[in-house]
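# Reading the structure
For reference, the chains in residue letters:
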Amino acid sequence: GYTAATIAAKALMDIKGDVTKKSVNEAFKAIDSYETDILCKPWSWGGEQYLSNYSDRTIVPKDHKFVQKEDCFNIAPVPSNFLGQQYEESGEG
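Figured I'd write up the structure that's included with this text. (Residues numbered from 1 in each chain as written. Predicted model: local features only at pLDDT ≥ 70, side-chain atom pairs only at ≥ 80, totals over all residues. Heavy atoms only, no water.)

## Side note on helix α1 (residues 2-13)
In plain terms, the rule: Helix and strand definitions here come from DSSP, where helices need a minimum of 4 consecutive H or I residues and strands a minimum of 2 consecutive E residues; each element is numbered from the N-terminal end. Here, expected helix span is obtained from the residue count minus one, scaled by 1.5 Å. Relative accessible area decides the class of each residue, using a 1.4 Å probe on protein chains only: under 20% of the type maximum gives buried, over 50% gives exposed, and in between gives partly exposed. Along the arc lie the directions from the helix axis toward the C-beta atoms. Residue contacts are defined here by distance: any two heavy atoms, one from each residue, within 4.5 Å place the two residues in contact.
Taking 1.5 Å of rise per residue, the 12 residues of α1 would be expected to cover 16 Å, and the 16 Å separating its terminal C-alpha atoms lies within 8% of that figure. Of all the positions in α1, only T3, I7 and A11 are classed as buried. Viewed end-on, α1 has its buried residues packed into an arc of 70°, placing them on one side of the element. In α1, those exposed residues whose orientation departs by more than 90 degrees from the buried face are Y2 and M13. On the buried face of α1, the contacting elements are α2 (21-29).

## Concerning α2
Along α2, the residues that are buried comprise S23, V24 and A27. One face of α2 carries all of its buried residues, which in axial projection span an arc of 100°. Residues of α2 that are exposed and point over 90 degrees away from its buried face: K21, K22 and K29. Looking at the packing, one finds that the buried side of α2 touches α1.

Geometric values such as these leave the question of function open.
What follows is the structure, encoded as structure tokens:
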């Protein structure tokens, strides 16, 4: 939630002129390659069937801290999502 809110706030702060439904939608659609160490890959927006964040990493508790167990990986395509098609279009699958 924090990362999504940060990305949204930055997009909204970049609006020039009046804040309207149209300008907000355009600001969100203009998000491209937002980078943060929290996400595995840059966050971007686009297309009708598109996930801005389709990768993940696994963290686990160890000695009262969270540590990374698995490096960044693409979330698996399953019948309830369209990731297989997205990976084909992006050249990642």
